[in-house]
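Overview (structure and organization)
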Amino acid sequence: MTSMPLAEELLLLAYDDQTGKATGSRIGLDLGMAAAVLVDLALAGRIAYVDGYLKVIDPSPIGDTIADAVLAKAADDEPHTPAQWLQRLRHRLRIRVLEDLVARGVIQDVDETQMGVIHVHRYPTTDHAFEAEIRGRLAEALTSGALCDERTAALATLLVACRMEPNLRLPADQVARAHERLEQIASGAGFMAGANLEDSIVRPSVALVVATLGKAIQAALGTPKPA
């Protein structure tokens, strides 16, 4: 199956398949999706974290409409910090991604009217294969001890930063192990195949972009409220 942009993967994990409604923090999801667009560009070797800023190192398009628009804008604009980019990108990004997924038949747009005047949109899943692949990849990485590939490690880090761990919906006997692995991956330890940097599965340049964006998300969301 062809991989989809990380922002789409994050969105599918955040929305309930049946009700078509987002669960958890909507601001966290929006920030996470903005970070995911930037991570995809880092994975493609188009941007890097340099001297506190995310800078374009290759302006060539990667073939994704949203990411390519961001790349073109970044190439023509002055550099911005990770936190600045998150705030610039998060507005209306979720709507654009939802529309793309609807157009491809992955989800459907259910438009309901409440109280006769208020339109409420739900987005239940119609093609479950994509989300099943995403969840399977995460479950393998989080419960089997297998090393993460770059995309899965990045997705896991964003899940932690956005406080979306409950969206994994893992069996009860796997939750503790998955939580431990998530924390390892988010801290950078899960990226490593060994103690040496040359053994890292995730390129250092990519890991740096992911880590700085994760910290920017956490700073924007503030301190979690006590349970």
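Residues numbered from 1 in each chain as written. Predicted model: local features only at pLDDT ≥ 70, side-chain atom pairs only at ≥ 80, totals over all residues. Heavy atoms only, no water.

**Points about the packing of aromatic side chains**
Considering all chains together, one arrives at one aromatic pair under this definition. Ring geometry for Tyr 15 against Tyr 123: centres 6.3 Å apart, planes inclined by 75°, an arrangement best described as edge-to-face. Here the residue Tyr 15 occupies a position in the loop between helix H1 (6-14) and helix H2 (26-43), and Tyr 123 occupies one in the loop between strand E4 (118-122) and helix H6 (129-143), the gap between them amounting to 108 residues. Across the pair, exposure class does not vary: Tyr 15 and Tyr 123 are buried alike. Its guanidinium or amino end placed over the ring of Trp 85, Arg 88 lies 5.2 Å from that ring's centre, counting from NZ or CZ. (Phe/Tyr/Trp six-rings, centres within 6.5 Å; stacked < 30°, edge-to-face > 60°. Helix = DSSP H or I, 4+ residues; strand = E, 2+ residues; numbered from the N terminus. Buried < 20%, exposed > 50% of the residue type's maximum accessible area, 1.4 Å probe, protein only. Lys NZ or Arg CZ within 6 Å of the ring centre and 35° of its normal.)

**A short note on unusual backbone geometry**
Here the phi dihedral of Asp 51 falls at roughly 55°; this positive angle occurs in a residue that is not glycine. A residue is classified by how much of its surface remains accessible, and Asp 51, at 68% relative accessible area, is exposed. With a phi close to 60°, Arg 163 is a non-glycine residue in the positive phi region. Accessibility expressed as a relative area gives 37% for Arg 163, which makes it partly exposed.

**Focus: empty space enclosed by the protein**
This structure, assessed with the given rule, holds two cavities of 30 Å³ or more. Within this model, the largest cavity holds a volume of roughly 80 Å³. Lining of the largest cavity is provided by Pro 5, Ala 7, Glu 8, Val 37, Asp 40, Asp 64, Ile 66, Ala 67, Leu 93, Val 97 and Asp 100. Of all elements in the fold, only H1, H2, helix H3 (65-76) and helix H5 (93-103) reach the threshold of two or more residues within the lining of the largest cavity. Ranked by the residues each element gives to the lining of the largest cavity, the list is headed by H5, at three residues. A class-by-class count of the residues in the lining of the largest cavity yields seven nonpolar, no polar and four charged. Taken as a whole, the second largest cavity encloses approximately 40 Å³ of empty space. Around the second largest cavity, the lining residues are Leu 38, Leu 41, Ile 47, Leu 54, Val 70, Leu 71, Ala 74 and Trp 85. The set of elements that each furnish at least two residues to the lining of the second largest cavity consists of H2 and H3. The element contributing the most residues to the lining of the second largest cavity is H3, with three residues. Classifying every residue of the lining of the second largest cavity by side-chain character gives eight nonpolar, no polar and no charged. (1 Å grid on protein atoms, 1.4 Å probe; cavity = no way out; pocket = protein on both sides within 12 Å on 5 of 7 lines; lining within 4 Å. Points joined across faces, edges and corners; volume = space filled by probe spheres on them. Nonpolar A, V, L, I, M, F, W, Y, C, P; charged D, E, K, R; others polar.)

**So, the pairing of strand E2 (residues 53-56)**
Summarising the sheet, strand E1 (residues 47-50) and E2 pair through four bridges and their orientation is antiparallel. The partner of Val 50 across the bridge, within E2, is Tyr 53. Between E1 and E2, which pair antiparallel and follow one another directly, the connecting turn spans two residues, one of which, Asp 51, has a positive phi of 55°. (Pairing = 2+ DSSP bridges.)

**Here we look at the packing of H2 against helix H9 (residues 204-221)**
Packing of H2 against H9 brings their axes to within 10 Å, and their N-to-C directions diverge by 165°. Here H9 runs roughly antiparallel to H2, going by the angle between their axes. Crossing handedness for the pair H2 and H9: right-handed. Along its contact with H2, which presents Ile 27, Gly 28, Leu 31, Gly 32, Ala 35, Leu 38, Val 39, Ala 42 and Leu 43, the element H9 presents Val 206, Val 209, Val 210, Leu 213, Ile 217, Ala 220 and Leu 221. (Axes fitted to C-alpha atoms, helices over the stretch in contact; angles between N-to-C directions. Parallel < 35°, antiparallel > 145°, perpendicular 65-115°, else oblique. Left-handed = near helix turned anticlockwise from the far one by under 90°. Contact = heavy atoms within 4.5 Å.)

**So, a negative patch on the surface**
Residues Glu 99, Asp 100, Asp 109 and Asp 111 make up a contiguous surface patch of negative charge. The topology assignment puts Glu 99 in helix H5. (Patch = residues over 30% accessible without salt bridge, like charges linked within 9 Å, V, L, I, M, F, W, Y side chains within 5 Å. Areas by Shrake-Rupley, 256 points an atom, 1.4 Å probe, with all protein chains shown as cover. Salt bridge = Lys/Arg side-chain N within 4 Å of Asp/Glu carboxyl O. Lys, Arg positive; Asp, Glu negative; His and termini not counted. Charge placed at Lys NZ, Arg CZ, Asp CG, Glu CD.)

**Structural notes on the pattern of salt bridges**
Per the stated rule, a full pass over the model turns up 14 salt bridges. Between Arg 151 and Glu 9 there is a salt bridge, with the nearest N and O atoms lying 3.5 Å from each other. Pair noted here: Arg 151 is in helix H7 (residues 150-161) and Glu 9 is in helix H1, with a separation of 142 residues, a long-range link. Grouping residues by exposure puts Arg 151 and Glu 9 together as buried. Residues Arg 137 and Glu 133 are paired through a salt bridge, measuring 3.0 Å at the closest nitrogen-oxygen approach. With Arg 137 and Glu 133 both in helix H6 and four residues apart, this pair spans about one turn of that helix. The exposure class assigned to Arg 137 is buried, which follows from its relative accessible area of 18%.

From the geometry alone we can't say anything about function, so treat these as descriptive.
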